[in-house]
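Architecture and fold: a report
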Amino acid sequence: MTPCLRLHTEPNSVSQRHQIFVRIKYRPEGAVINTPVRNASFGASHICSTNTVDLLVLQTYLCLNTKSSSQPALHPPGFHIIPRVSSVVPESCLLIVVGLLVGGFIKVIGEKPPVLDSQLFFLCLLPPIILDAGYFLPIRPFTDNVGTILVFAVIGTLWNAFFVGGSLYALCQIESVDLAGIGLLSCLLFGSIVSAVDPVAVLAVFEEIHINELLHILVFGESLLNDAVTVVLYNLFEEFYKVGTVTVLDVFLGVVCFFVVSLGGVLVGVIYGFLAAFTSRFTSHTRVIEPLFVFLYSYMAYLSSELFHLSGIMALIACGVVMRPYVEANISHKSYTTIKYFLKMWSSVSETLIFIFLGVSTVAGPHAWNWAFVVGTVVLCLVSRVLGVIGLTFIINKFRIVKLTKKDQFIVAYGGLRGAIAFSLGYLLSDSHPTRHLFLTAIITVIFFTVFVQGMTIRPLVELLAVKRKKESKRSINEEIHTEFLDHLLRGVEDVCGHYGHYHWKDKLSRFNKTYVKRWLIAGENFREPELIAFYRKMELKQAIMMVESGQLSSSLPSTVSMQNIEPKPIPRVSKKQEEEIRRILRSNLQNNKQRVSWTF
């Protein structure tokens, strides 16, 4: 007799959602399970062979009902009914506990628990989370702090890998530890696996504590960009371990490989991002397929990068960042809503499955426990993170206008969580590796420590230290005008001083984008529209749609679709003669200002 699963939906009322009821019945082996969903049934006899698959379906149902109501796509009631639990225990911790219970139950009934396969993780579960993060990445905070993020992501990850690997090798040389067979290259390989901050774990914890935008973008940006360093280090040390010798040429090729992997992934993402934006120019008559092109080109960018052994995460981020401003200028509001909520739902489900599979894989084993190695790994990960953040921040603050305070440094160091990427890289080690089980046990211990201990204590520590929280406020046209004004002012200051700084190159890029790129990637005459007017038009459209949907405006007003199809009025053009006169006046004034500054000094 095999336990089989029967699902059916029963709508309650018009105002209530459909509820899903699960009933487990015992049927003979090979019986057909009818699963009526909205009066449609289909045979599924091929999934009724083992207990494991049926319980995995039940596990998926449970995880979808324990996701947070903060995710806009899923609205389940399970986790946030009890406020005390949701305010103390992070959602990721609860999902891992559910995975442990499911894995334990599967093992008790005599079946082998499933393991989080690396191909399943990297090809199916990770891309939706990275695409959601890259597509909705806050561009301005990211570009303003990109130097700090790159220092933490590149130099910080290298420091963590070599410090942890070298210290563990020294620990293994102690006779009482009984691990003398682990060599230096094997320890460095393990250090490269546990050195990187995991974006999935950071997202799961930081979105719940609502940390301020600066700290969030520093830690999350580091977790996104350190993928290239982690992949290169992992592949290099794995090859070095197989060969057994390292030459100077190998080190040089490793440095070149890092730039090829990272910049190559960015280039692939930019190409597919431009292709997606160019394709969206011609979808005005078929609005239904607009979200499809966004998902299709993004996943093609990821697969193409992985095909050529480049950084797929970097490709997804670059693709999402590049395509978004042009795609949103071409697609309809309904397509934008579809993309937004489908990405949130997709990434939420993937995140749920990742943490549950971590719990199940922990029960699956096998494990090889060594107190000195496992505890030493946890301690060294904490020490290397703290020393790396303090040392790099000391250098970074010499070049930053807004300095990172001691509180900021503590949160950045304490928020370096490890997650499923480290586990998947460890699982990729061949079965013939003599210390594979020991490495996996240590990796799982580090993940559990960072997610449970650091994840559960970071909220009270943020409140205790009175760290600035994120302000939930909508952007206003007044804020946008003042932001643009300050940008122009700082560009002028840099021009007067003769310094080609951040704002100068930002202005050059913006001019190139308006003059050439928008002309080819944005449909109609929308590319001529100034940014402030486009922002104001978008705000007015969103406000009007919200008022119509809430019933504050009469139904006789134009519908959402008709409002989207209103053609903007042509913007009056400045004649060539007037433009040349304006340029001449500005040029002469700028020259006079430069002469006055030189006379002053």
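With an unreviewed UniProt entry as reference, the protein is termed Sodium/hydrogen exchanger, source organism Esox lucius. Under the Sequence similarities (unreviewed entry) heading, UniProt states for the protein: "Belongs to the monovalent cation:proton antiporter 1 (CPA1) transporter (TC 2.A.36) family."

**A look at the overall build of the protein**
Secondary structure assignment for the protein yields 23 helices and 2 strands. Looking at the protein residue by residue over its 601 residues, the buried ones come to 43%. Here the contacts in the protein between residues at least 6 apart in sequence split such that 77% fall between residues at least 24 apart. Of the roughly 32,100 Å² that the protein leaves accessible, carbon and sulfur atoms contribute 66%.

**Describing helix 20 (residues 502-521)**
Along helix 20, the sharpest change in direction is near 45° and occurs at Asn 513. Within helix 20, the full set of buried residues consists of His 504, Asp 507, Asn 513, Val 517, Lys 518 and Leu 521.

**With respect to the packing of aromatic side chains**
We describe a pair of aromatic rings using the distance from one ring centre to the other and the angle between the two ring planes. Under the defined criterion, the tally for this structure stands at 21 aromatic pairs. Arranged with centres 5.0 Å apart and planes meeting at 80°, the rings of Tyr 135 and Phe 136 form a pair that is edge-to-face. The class of Tyr 135 is buried, set by a relative accessible area of 1%. We classify Phe 136 as buried; its relative accessible area is 18%. Seen from their ring centres, Phe 293 and Tyr 297 are 6.1 Å apart, and the 25° between their planes marks the pair as stacked. With Phe 293 and Tyr 297 both in helix 12 (residues 290-307), this residue pair falls 4 residues apart, about one helical turn. Here Phe 293 falls in the partly exposed class, since its relative accessible area comes to 21%. On the accessibility criterion, Tyr 297 (14% relative accessible area) is buried. Each member of the aromatic cluster is reached from another via a ring pair, and the members are Phe 162, Phe 237 and Phe 240. Here Arg 436 stacks its cationic end above the ring of Tyr 427, 5.0 Å away from the centre of that ring.

**Overview of the confidence of the model for the protein**
In regions of low pLDDT, the predicted coordinates are not meant to be interpreted in detail. Of all residues in the protein, 74% attain a pLDDT of 70 or more, and the chain-wide mean is 75. Across residues 597-601, where pLDDT falls below 50, the model places 1 contact with residues more than four positions away in sequence or in other chains.

**Here's the deal with the packing of helix 6 (residues 146-172) against helix 10 (residues 227-243)**
Packing of helix 6 against helix 10 leaves a shortest axis separation of 10 Å and a crossing angle of 35°. Crossing handedness for the pair helix 6 and helix 10: right-handed. Here Ala 153, Val 154, Thr 157, Leu 158, Ala 161 and Phe 162 of helix 6 lie close against helix 10, whose contacting residues are Val 229, Thr 230, Leu 233 and Phe 237. Among the residues forming the contact of helix 6 with helix 10, the class breakdown is 8 nonpolar, 2 polar and no charged.

**Quick notes on the nonpolar core**
In this structure, Phe 121, Leu 126 and Phe 373 are the most contacted members of the largest nonpolar core, which totals 124 residues. Residue contributions to this core peak at 13 residues, all from helix 18 (residues 436-464). When sequence neighbours within four positions are dropped, the list of residues in contact with Phe 121 reads Leu 116, Leu 126, Pro 127, Ile 354, Ala 420, Ile 421 and Ser 424. Membership of the second largest hydrophobic core comes to 5 residues, among which are Ala 277, Tyr 326, Val 517 and Leu 521.

**A word on the pattern of salt bridges**
Enumeration over the complete set of coordinates arrives at 5 salt bridges. Between Lys 344 and Asp 132 there is a salt bridge, with its nearest N and O atoms 3.5 Å apart. Of this pair, Lys 344 sits in helix 14 (residues 333-364) while Asp 132 is found in helix 4 (residues 118-135), placing the two residues 212 residues apart along the sequence. Assessed through its relative accessible area of 8%, Asp 132 is described here as buried. Between Asp 144 and Arg 140 there is a salt bridge, and its shortest N-O distance comes to 4.0 Å. With Asp 144 and Arg 140 both in helix 5 (residues 139-144) and 4 residues apart, this pair spans about one turn of that helix. Exposure remark for Asp 144: the relative accessible area of 38% places this residue in the partly exposed category.

**A short note on the side chain of Ser 311**
Take Ser 311: it is sitting in the loop between helix 12 and helix 13 (312-330). On the accessibility criterion, Ser 311 (1% relative accessible area) is buried. Dropping the residues within four chain positions of it, Ser 311 is found in contact with Asp 227, Ala 228, Val 261, Gly 265, Ser 305 and Glu 306.

**A short note on unusual backbone geometry**
You will see that His 309, though not glycine, has its phi angle at about 60°, which is positive. Relative to the elements of secondary structure, His 309 occurs in the loop between helix 12 and helix 13. Note on His 309: relative accessible area 66%, which makes it exposed.

**Comments concerning a nonpolar patch on the surface**
Residues Trp 159, Trp 369, Trp 371, Val 375, Val 379, Val 383 and Leu 387 make up a contiguous nonpolar surface patch of about 700 Å² in total accessible area. Ranked by residues supplied to the nonpolar patch, first place goes to helix 15 (residues 371-396) with 5 residues. Along the chain, Val 375 falls in helix 15. The partly exposed category is assigned to Val 375, whose relative accessible area is 38%.

About the cut-offs
Residues numbered from 1 in each chain as written. Predicted model: local features only at pLDDT ≥ 70, side-chain atom pairs only at ≥ 80, totals over all residues. Heavy atoms only, no water. UniProt positions renumbered as here; feature names shortened; annotations may be inferred. Helix = DSSP H or I, 4+ residues; strand = E, 2+ residues; numbered from the N terminus. Buried < 20%, exposed > 50% of the residue type's maximum accessible area, 1.4 Å probe, protein only. Contact = heavy atoms within 4.5 Å. Areas by Shrake-Rupley, 256 points an atom, 1.4 Å probe, with all protein chains shown as cover. Bend = angle between axes of the 7 residues up to and from the residue. Phe/Tyr/Trp six-rings, centres within 6.5 Å; stacked < 30°, edge-to-face > 60°. Lys NZ or Arg CZ within 6 Å of the ring centre and 35° of its normal. pLDDT = per-residue confidence, 0-100. Axes fitted to C-alpha atoms, helices over the stretch in contact; angles between N-to-C directions. Left-handed = near helix turned anticlockwise from the far one by under 90°. Nonpolar A, V, L, I, M, F, W, Y, C, P; charged D, E, K, R; others polar. Core = buried A, V, L, I, M, F, W, Y, C linked by side-chain atoms within 4.5 Å. Salt bridge = Lys/Arg side-chain N within 4 Å of Asp/Glu carboxyl O. Patch = residues over 30% accessible without salt bridge, like charges linked within 9 Å, V, L, I, M, F, W, Y side chains within 5 Å.

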